[in-house]
Amino acid sequence: MADFTVLVCGGGNAAQVATGMFSHRYKTIAVSFFADEAAKWKAALGDDDFELTITPLEKDATPKVIKSKPDDITNDPSVAGKADAIVLVVPSFAHGEYFQKFAPYMKPGTIVATMPARSGGDILF
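Criteria and thresholds
Residues numbered from 1 in each chain as written. Predicted model: local features only at pLDDT ≥ 70, side-chain atom pairs only at ≥ 80, totals over all residues. Heavy atoms only, no water. Phe/Tyr/Trp six-rings, centres within 6.5 Å; stacked < 30°, edge-to-face > 60°. Lys NZ or Arg CZ within 6 Å of the ring centre and 35° of its normal. Helix = DSSP H or I, 4+ residues; strand = E, 2+ residues; numbered from the N terminus. Buried < 20%, exposed > 50% of the residue type's maximum accessible area, 1.4 Å probe, protein only. Contact = heavy atoms within 4.5 Å. Pairing = 2+ DSSP bridges. Right-handed = clockwise from strand over helix to strand, strands pointing away. Salt bridge = Lys/Arg side-chain N within 4 Å of Asp/Glu carboxyl O. Arc of directions from axis to C-beta.

**With respect to the packing of aromatic side chains**
Inspection of the entire model under this criterion finds five aromatic pairs. Through successive ring pairs, a cluster of aromatic residues spans Phe33, Tyr98 and Phe102. Against the face of Phe33 rests Lys101, its NZ or CZ located 4.5 Å from the ring centre.

**Observations concerning the environment of Gly20**
Its place among the elements puts Gly20 in helix H1 (residues 13–23). The exposure class of Gly20 is buried, given its relative accessible area of 0%. Note: C-alpha distance between Gly20 and Pro70 (50 residues apart in sequence) is 7.1 Å. For Gly20, the residues in contact, after removing those within four places along its chain, are Phe50, Leu52, Ile66 and Ser68.

**Digging into unusual backbone geometry**
Glycine aside, negative phi is the norm for most residues, and most peptide bonds take the trans geometry. The phi torsion at Ala35 lies on the positive side, around 45°, for a residue other than glycine. Inspection of the secondary structure assignment puts Ala35 in the loop between strand S2 (26–31) and helix H2 (37–45).

**Overview of the pairing of strand S7 (residues 111–114)**
Looking down a regular strand, the side chains alternate between one sheet face and the other. Examined bridge by bridge, strand S6 (residues 85–88) and S7 share four bridges and lie parallel to one another. Note that in S7 the partner of Leu88 across the bridge is Thr114. The parallel pair S6 and S7, bridged by helix H3 (residues 95–102), forms a crossover whose chirality is right-handed.

**Let's talk about the pattern of salt bridges**
Applying the stated criterion to the full structure yields five salt bridges. Put simply, Asp72 and Lys42 hold a salt bridge, and the shortest N to O gap is 2.8 Å. Taken together, the residues Asp72 in strand S5 (residues 72–74) and Lys42 in helix H2 connect sequence positions 30 residues apart. Given a relative accessible area of 22%, Asp72 falls into the partly exposed group. Across the pair Glu51 and Lys67 runs a salt bridge, and its minimum N-O distance is 3.7 Å. Of this pair, Glu51 sits in strand S3 (residues 50–54) while Lys67 sits in strand S4 (residues 64–68), and the two are 16 residues apart along the sequence.

**Concerning H3**
His95, Tyr98, Phe99 and Phe102 are the residues of H3 that are buried. With its buried residues spanning 100° around the axis, H3 presents them on a single face.

Purely spatial values, then, with no claim about function.
Right under this line is the structure:
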């Protein structure tokens, strides 16, 4: 596994898929500030791996199964200090909350990506 840590923010379908895909290759931490979502997600996963099935566009191609596991699933903003990249996979109205909570912990040079993006997101940060 690469010596690169990715924080995936959010707990919805897209965040869970992104967490599974990133954790296949990088140390990955999932973060959700929504209610008790992180605790529920962590409990549901337990000791099991994520299993993602990638269906190719080619008609007769065999689907690929990716198994992976995030390093942690948490609601602790201090994990931003471990991140080389932070991927916000939350609605754009929540970007400001994540920026505000992560700011005291982020190290210089951390890459931040938003999905979905929004106009003025760079101003929030």
